[in-house]
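Architecture and fold: a report
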Protein chains: 2
Amino acid sequence: MTNADSVRIRVFSLNCWGIRFLSKLCTERYAMIGDMLCKEEHDIVLLQEVWSEKDYLFLKKKLSLSHPHSHYFKSGVIGSGLAMFSKHRIRDTFLYRFSLNGYPYMAHHGDWFGGKAVGMAVLSIGSLTANVYVTHLHAEYCREKDSYLPHRVVQAWELQQFVRHTSAGADVVILGGDLNMHPQDLGNRLLRSYTGLRDAYLETDTFNGCEDGVTLIADNPFINKKELGPFEKGIRIDYILFKGSSKVDVFCDSMSTTKGSVPDHPFPYSDHEALMAELRLVSHTPIETGREKCIKEKDSTAGRVAELVDIVTEARTEVKVGLHCTESMRYTAARTGVMGLALLLLELAIAAVPWLALGAEQPFPLTSFYLLAALCFAILLTTFMLYILYTMELKSLQGAEDQMRLAVGSLQENLRGFPLAQPHVSLRKPPEGVSVMDQEE
Amino acid sequence: MTNADSVRIRVFSLNCWGIRFLSKLCTERYAMIGDMLCKEEHDIVLLQEVWSEKDYLFLKKKLSLSHPHSHYFKSGVIGSGLAMFSKHRIRDTFLYRFSLNGYPYMAHHGDWFGGKAVGMAVLSIGSLTANVYVTHLHAEYCREKDSYLPHRVVQAWELQQFVRHTSAGADVVILGGDLNMHPQDLGNRLLRSYTGLRDAYLETDTFNGCEDGVTLIADNPFINKKELGPFEKGIRIDYILFKGSSKVDVFCDSMSTTKGSVPDHPFPYSDHEALMAELRLVSHTPIETGREKCIKEKDSTAGRVAELVDIVTEARTEVKVGLHCTESMRYTAARTGVMGLALLLLELAIAAVPWLALGAEQPFPLTSFYLLAALCFAILLTTFMLYILYTMELKSLQGAEDQMRLAVGSLQENLRGFPLAQPHVSLRKPPEGVSVMDQEE
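Keep in mind it's a predicted model, so treat the numbers as computed, not measured.

The rules we used
- Residues numbered from 1 in each chain as written.
- Chains lettered and ligands numbered in written order.
- Predicted model: local features only at pLDDT ≥ 70, side-chain atom pairs only at ≥ 80, totals over all residues.
- Heavy atoms only, no water.
- Least-squares fit on C-alpha atoms with pLDDT ≥ 70 in both.
- Contact = heavy atoms within 4.5 Å.
- Helix = DSSP H or I, 4+ residues; strand = E, 2+ residues; numbered from the N terminus.
- Salt bridge = Lys/Arg side-chain N within 4 Å of Asp/Glu carboxyl O.
- Pairing = 2+ DSSP bridges.
- Axes fitted to C-alpha atoms, helices over the stretch in contact; angles between N-to-C directions.
- Buried < 20%, exposed > 50% of the residue type's maximum accessible area, 1.4 Å probe, protein only.
- UniProt positions renumbered as here; feature names shortened; annotations may be inferred.

Turning our eyes to something else, we now look at the relation of the copies chain B and chain A. Superposition of the two copies of the chain requires a rotation about an axis together with a shift along that axis. Each copy of the sequence occupies a distinct position, and chain B is placed on chain A by a rotation of 180° and an axial shift of 0.0 Å, giving an RMSD of 0.1 Å. As the rotation angle and translation indicate, the two copies are arranged about a two-fold axis. In terms of proximity to the rotation axis, the leading residue of chain B is T166(B), whose C-alpha is 2.2 Å off the axis. A high fraction, 100%, of the interface residues of chain B reappear at the interface in chain A, so the copies pair face to face through one surface.

With respect to the helices, strands and loops of the structure, M120(B) is situated in strand β6 (residues 117–125). C-alpha of M120(B) to C-alpha of L380(B): the two residues are 260 residues apart in sequence and 41 Å apart in space.

So, on to the pattern of salt bridges. All names here are of chain A. This structure, assessed with the given rule, holds 46 salt bridges over all chains. With its nearest N and O atoms 3.9 Å apart, the salt bridge here joins R8 to E278. Of this pair, R8 sits in strand β1 (residues 6–15) while E278 sits in strand β13 (residues 275–283), placing them 270 residues apart in sequence. Through salt bridges with shared partners, a single network forms among R8, D253, E278 and R280.

Sheet strands associate in pairs through backbone hydrogen bonding, adopting either a parallel or an antiparallel arrangement. Residues and elements named next belong to chain B. Spatial strand order, β5-β6-β7-β8-β11-β9: six strands in an open sheet with mixed pairing. The open sheet has two edge strands with one neighbour each: β5 (89–97) and β9 (198–199). The pairing of β5 with β6 spans eight bridges and is antiparallel. Its bridge partner being in β6, Y96 is matched across the sheet by V118.

All names here are of chain A. One open sheet accounts for seven strands, arranged β3-β4-β2-β1-β13-β12-β10; its pairing is mixed. Edge strands, defined here as strands with exactly one partner in the open sheet, are β3 (69–73) and β10 (207–208). Bridging between strand β12 (residues 248–257) and β13 involves nine bridges; their strand directions are antiparallel. Bridging across to β13, V250 finds its partner in L281. The sheet strands contacting helix α2 (residues 53–62) are β2 (44–48), β3 and β4 (82–86), and the helix crosses β3 at an angle near 175°.

Time to look at the pairing of strand β1 (residues 6–15) of chain B. Residue and element names in this part refer to chain B. Across the ten residues of β1, seven count as buried, placing the element largely inside the fold. As judged from the five bridges shared by β1 and strand β2 (residues 44–48), these two strands associate in the parallel manner. Note on β2: the bridge partner recorded for V11 is I44.

As recorded in UniProt, the sites labelled "domain: Endonuclease/exonuclease/phosphatase" (unreviewed entry) are residues 13–272 of chain A. Taken as a whole, residues 13–272 of chain A contains 23% helix and 28% strand, while its terminal C-alpha atoms sit 10 Å from one another.

Residues and elements named next belong to chain A. Across the nine residues of strand β6 (residues 117–125), nine count as buried, placing the element largely inside the fold. As judged from the eight bridges shared by β6 and strand β7 (residues 128–136), these two strands associate in the antiparallel manner. Counterpart to V118 in the pairing with β7 is T135. The loop that links β6 with its antiparallel partner β7 comprises two residues; one of these, G126, has a positive phi angle of about 60°.

Set out below in structure tokens:
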């Protein structure tokens, strides 16, 4: 660290809305974003929806002096759209692609083609190791009838798993991005409760930005007001989250967002507002470590675990709803496929055995025959591929549900203050948590 | 731990070859495996190719007393085939699906449908936390002309990333499975060098099993000797790897494999041999921690890092070869698609404008017209889907290559003994490692 005891880190996050030829004023906005980032010199810049690598390379060139370290996370067909720029050395990177991310046939929604993911970079900030995550979850196209909700919940589940399991060696954890979830949405609660990540907006006393920290606002000229639905004041779906470790305490000294316009420019950076958080990392002295322990112990009180059990159970219910829907879609695909096959066989039978055509004077017209056969093949091929697709979706949903069930069992075990299972004890009588889990399978 | 200072853990790994209706004597072999596991009571059982959930549930029921904790990892269309049974409590699980895993149109190879992955379970062994991984990499169908080599190298890369980044909080790390790689294959060296995992077969003084520890042997009645090619004595592709931590030292006291037959049974458990390793976990006393530090420092000597740079560079070359092949396959798909489109347009033109048929007396026969049109559509659809598939493959290969380049830069930085990059230093003159990386992009 530059200072012996504390260091300040400025973190920036923005969904760039960078669909070439489709997003309005894309080139102009990237130029504005590049100028601003160059000038502001944030320590860490987390960008989403940088869909074109050319735009990433443009920014990389522009920020080569202010942010010598950068990474572009590649995934899916188009790319994950995730990019990171840093003043501090990026030692290592890792990408986790979410197992569920919409459907390829919903091409107008495009999420599937983006290959949504969470990118991680291990940064050296002085002597500290910071794990920095940038992510973008599946969009919410209709809040009332959100068919992607199970997908987003599974993404939130995988996100919290990834952060939790990869951050054990980090002194500081920072996550930024477009979560596509309201602050109190299930996935958001799941992420924050399970990982212990704290919301920069809620943690700071000094906030300068849109009311309630919203990042999708009606005042933004790129926003169609209808998109906001009943949330006329705007929606908060972009976040900067953080947590410290046993070595380092993290505080959010200030936070700000853009407010739908940029001074001296006729339009804003994007259809989302940009976020900036100033974090202060404070190293523990050995005496403080004891205090940290107390905080940790307090954190893992029964209340917190009980809340987590409730949230995971809620997530599990949502995944089960998804399972039910996907099973019914797979069944429909299978049934349609069988009908296509039956039609094809019937046609072949009529063509092969003339007396089946029930006294028709003409033979089966050849043109109709070929057209009908082509239709049958098209049905068979499409339903076969849909069946494969839905089977994969089912496997992912079942996998997430299994993991959630196991997690609930484990948490309940903690909650009951049971001793850790010993092999010899388990041999005779498995602890209650286990039997609950087993019965449900 | 049960004993104050050391605890013994018996680990078992087996590729079960469990393709229902296709693998020989599947049901009988599962019954044998279940009996043996029940009797042997290994602490941790890692199984691969348990392709049917029914077989997993059969084993789960059979092992409910000896191994009360278990998990089945779901992925892909069929499932990952990975299963874990444990005498110790499984606190948490996580699955990483490899980004590359063969092609769906290579259905006879089947790997794509399996959704190859690495499964992780966090176990409580007394007061210790053990991260246990079970994995299965893409099969090698032809060693001389291995078109899946780039995929397997990327899988090994992602496997080492996953293990390295998720095991920081673990006291003990154990990985078992069918890596489908010979001991000195690139992916294997990459995995062991980068993670520091040690090979149980090489670490033990007491080995009882096939010569050279091979796990695919000609003596196994389920093996077609041709499969072994020039390796008549057999091939070692199944492994149990492990490492300790700053808190715990791990030693492999003994290791054994089956030898192609099972006493009192007419056939073996599988077409692979089973592996058993007895590990001894020894907790450090505070004095020993100093020694561990010395070992750690010794581990990270220049020699080890230089070797790692060479291996990652070799892997990067292999990924580049893969990139080249995939680019050429994508180009072929695109060219074929364009030809299909041209054919369709030509056909439509001939049908629409009679004089184009160059003096043909008859109009375009309707049957031929429909057949040709159907063919064109089939070509267009197929090439479009192949284009999407190859684009996704390219993104994954490019992503892995980017990560490898960054890793090499980072390792070289370590090697040169450069001080950690400070923001203010970086602003003026980026360190050499960075400029190398930047130039290459």
